[in-house]
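These are the residues of each chain, in order.
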Amino acid sequence: MSGMSPNDTSDMGLVVVGAAGRMGQALIRAIHTIPGARVAGAVERSGSAYLGRDAGELAGIGIINATIGDDPLPAFAKADGVLDFTTPAATVEFAGYAAQARIAHVIGTTGCSDDDNARIAAAARHATIVKSGNMSLGVNLLAVLVEQAARALDADDFDIEILEMHHRHKVDAPSGTALLLGEAAAAGRGIQLAGNDVRSRDGHTGVRKAGSIGFATLRGGSVVGDHSVILAGTGERITLAHHAEDRAIFARGAVKAALWARGKKPGLYSMRDVLGLG
Ligand SMILES: NC(=O)C1=CN([C@@H]2O[C@H](COP(=O)(O)OP(=O)(O)OC[C@H]3O[C@@H](n4cnc5c(N)ncnc54)[C@H](OP(=O)(O)O)[C@@H]3O)[C@@H](O)[C@H]2O)C=CC1
Ligand SMILES: O=C(O)C1=N[C@H](C(=O)O)C[C@H](O)C1
């Protein structure tokens, strides 16, 4: 157990799971530069080619004496929180371990199924979990603006379409951010996203259903993350957009979320809670 308390003023010890990944390395760099946080462990999956490597050296900041291991349990037992940008299956497993260790769990992993999300919600009965499809300040502010715009513009007059582009390595679609923005648009319209979403179009689709929220996905190159929400009316179009240029924005947001979560009562929180965006 970490023995943390709301009054604990020592640096927060954070385990990075998936430490060799694109986000894992960005997280190691971010923790290194943010006061109040320290790397308490680095974990990769069994069989990873990175086991035994120093996580700081791999992330380009030199040796930090954090050897990448494949056993999360002893790492979690010595930590105050875990930063998790891995895969849905791994995240569900880590949620159980973090709940057992009673440490904060910051989840950036996208592509979780309804069943995965239910398991994560169950773990949040014992652990403080912050989960968001996008940890950046810019996207979470964009979500607030999208909700306002969707509320202000009538569904009979303005159609909402969400366009995203990511690098060629991304495995899930639509992106977690696109879905987060879709949820914001649906909230503004006073509807559920599920049942009103159109995830793809191909062939003879028929005319657009009024009030639906459409998604379009592009993949290619090294694009960190581009999202546009288009509100298309007759004779005019509003585009609200965010362009991520560096994964550091997500990593800084994740560390901020962990520091915020320290000492908070168990529950499932979002980045909007962390950022005070309502
Ligand atoms: N919410 C947000 O702000 C953001 C979310 N993301 C999301 O984060 C996730 C990761 O993205 P990215 O870093 O680009 O992906 P990567 O594939 O680069 O990194 C994921 C890492 O997790 C490792 N991993 C997989 N399974 C396990 C396991 N059981 N235990 C430990 N490590 C494991 C992978 O290892 P291996 O390759 O060997 O399988 C890999 O090193 C995605 O879901 C992405 O959408 C990304 C950016 C921002
Ligand atoms: O996989 C990525 O890279 C990203 N994933 C997140 C998403 O699915 O929205 C966040 C960001 O756009 C980068």
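Within each chain, residue numbers correspond to sequence positions counted from 1 in written order. All chains are assigned letters beginning at A, and all ligands numbers beginning at 1, according to the order in which they are written. This being a predicted model, a pLDDT of at least 70 is required before a residue's local features are given, and a value of 80 or more before pairs of side-chain atoms are given or counted; all residues contribute to the totals for chains, interfaces and linings. Hydrogens are left out, water is left out, and the side-chain values use all remaining heavy atoms of the structure.

An unreviewed UniProt entry annotates the protein as 4-hydroxy-tetrahydrodipicolinate reductase originating from Mesorhizobium helmanticense. UniProt positions are given in the numbering used here, feature names are shortened, and annotations may be inferred rather than shown by experiment. Per UniProt, the protein has the following entry under Function (unreviewed entry): "Catalyzes the conversion of 4-hydroxy-tetrahydrodipicolinate (HTPA) to tetrahydrodipicolinate." UniProt's Sequence similarities (unreviewed entry) comment on the protein is quoted here verbatim: "Belongs to the DapB family."

Quick look at the site of ligand 1 now. For this purpose, a residue is taken to be near a molecule or strand whenever a single non-hydrogen atom of the residue falls within 4 Å of it. The environment of ligand 1 is made up of 22 residues, and the closest members are M23, E44, R45, T110 and M135. At 2.8 Å from an oxygen atom of ligand 1 is found a main-chain nitrogen or oxygen belonging to M23. At a separation of 3.2 Å, a nitrogen atom of ligand 1 approaches a polar backbone atom of G133. The fraction of the free accessible surface of ligand 1 (920 Å²) that becomes covered by protein chains is 78%. According to the grid-proximity analysis, the pocket containing ligand 1 is the largest pocket. Numbered from the N terminus, helices here are DSSP runs of H or I no shorter than four residues, and strands are runs of E no shorter than two. Put simply, the parts of the chain that give the shell around ligand 1 at least two residues each are α1 (22-33) and α4 (88-101). Identification of polar contacts relies on pairs of N or O atoms within 3.5 Å, with a donor-acceptor requirement for protein atoms, meaning one able to donate a hydrogen and the other able to accept it, and with residues adjacent in sequence counted only if both atoms are side-chain atoms. Only the protein chains shown count as cover for residues, and the accessible areas themselves come from Shrake-Rupley with a 1.4 Å probe. Of the two site types, the cavity is a set of points on a 1 Å grid over the protein atoms alone where a 1.4 Å probe fits but cannot get out, and the pocket is an open set with protein on both sides within 12 Å along at least five of seven lines, each lined by residues with an atom within 4 Å of a point. For a cavity or pocket, the test is whether more than half of a molecule's atoms lie within 2 Å of its grid points; if they do, the molecule sits there.

Those places that UniProt annotates as "binding site: (S)-2,3,4,5-tetrahydrodipicolinate" (unreviewed entry) correspond, in this numbering, to H167, G176 and T177. Within this annotated set, the largest pocket is lined by H167, G176 and T177. Looking at where H167 falls in the secondary structure, it is placed in the loop between β7 (159-166) and α7 (176-189). In contact with H167, not counting residues within four places along its chain, are R22, R219, G220, G221, S222, V223, V224 and R247. Along the polypeptide, G176 turns up in helix α7. The exposure class of G176 is buried, given its relative accessible area of 14%. When sequence neighbours within four positions are dropped, the list of residues in contact with G176 reads T110 and G133. In this description, contact between two residues means that some pair of their heavy atoms is separated by no more than 4.5 Å. Any residue under 20% of the maximum accessible area for its type is buried, any over 50% is exposed, and the rest in between are partly exposed; the area is computed with a 1.4 Å probe on protein chains only.

Bringing the layout of surface pockets into the picture now. Taken as a whole, the largest pocket encloses approximately 1,100 Å³ of empty space. Lining the largest pocket are 39 residues; nearest its centre among them are R22, M23, F85, T86 and T87. Every element with two or more residues in the lining of the largest pocket is listed here: α1, α4 and α7. Of the residues forming the lining of the largest pocket, the biggest block, four residues, is contributed by α4. Grid points are joined across faces, edges and corners, and a volume is the space filled by probe spheres set on the points.

What follows is about the UniProt feature "domain: Dihydrodipicolinate reductase N-terminal" (unreviewed entry) in the protein. With numbering matched to this structure, UniProt assigns "domain: Dihydrodipicolinate reductase N-terminal" (unreviewed entry) to residues 13-135. Structurally, residues 13-135 comprises 37% helix and 21% strand, and the distance from its first C-alpha atom to its last is 19 Å.

Every case where a carboxyl oxygen of Asp or Glu lies within 4 Å of a side-chain nitrogen of Lys or Arg is listed as a salt bridge. Scanning the entire structure with this criterion turns up ten salt bridges. A salt bridge links D115 to R119; its shortest N-O distance comes to 3.1 Å. A residue pair is termed a helical-turn pair when its members lie 3 or 4 positions apart in one helix, as D115 and R119 do in helix α5 (residues 114-123) at four residues. Given the relative accessible area of 45%, D115 is considered partly exposed. Between E147 and R151 there is a salt bridge, and its shortest N-O distance comes to 3.0 Å. With E147 and R151 both in helix α6 (residues 137-152), this residue pair falls four residues apart, about one helical turn. E147 gets classed as buried once you look at its relative accessible area, which sits at 17%. What emerges from the salt-bridge pattern is a single network uniting D159, E161, R201 and R208.

Our next topic: the domain arrangement of the protein. Segmentation into domains, and thus their bounds, comes from an automatic or database assignment. Each domain of the protein was delimited in the assignment, giving domain 1 (12-135 + 248-275) and domain 2 (137-245). Between the C-alpha centres of domain 1 and domain 2 there is a distance of 28 Å. Facing twelve residues of domain 1, the contacting portion of domain 2 comprises 17 residues. Between domain 1 and domain 2, roughly 1,000 Å² of surface is buried when both sides are summed, and carbon and sulfur atoms account for 55% of that area. By definition, the buried area sums, over both parts, the 1.4 Å-probe accessible area that each loses when the two are put together. When the area that domain 1 buries against domain 2 is broken down by residue, the three leading residues are R22, N134 and R272, summing to 47%. In this assembly, domain 1 and domain 2 are joined by one salt bridge.

Near ligand 2 you find T110, G133, N134, H166, H167, K170, S175, G176, T177, V224, H227 and F250, and these make up its full shell. The separation between an oxygen atom of ligand 2 and a polar side-chain atom of K170 is 2.7 Å. G176 places a main-chain nitrogen or oxygen 2.8 Å from an oxygen atom of ligand 2. Protein coverage of the free-state accessible area of ligand 2, which is 320 Å², stands at 85%. Under a 2 Å grid-point criterion requiring more than half of the atoms, the pocket assigned to ligand 2 is the largest pocket. We call Asp, Glu, Lys and Arg charged. Ala, Val, Leu, Ile, Met, Phe, Trp, Tyr, Cys and Pro are nonpolar, and the rest, Gly among them, are polar. Residue composition of the shell around ligand 2, grouped by class: two nonpolar, nine polar and one charged. The residue makeup of the shell around ligand 2 includes at least three contributed by each of domain 1 (12-135 + 248-275) and domain 2 (137-245).

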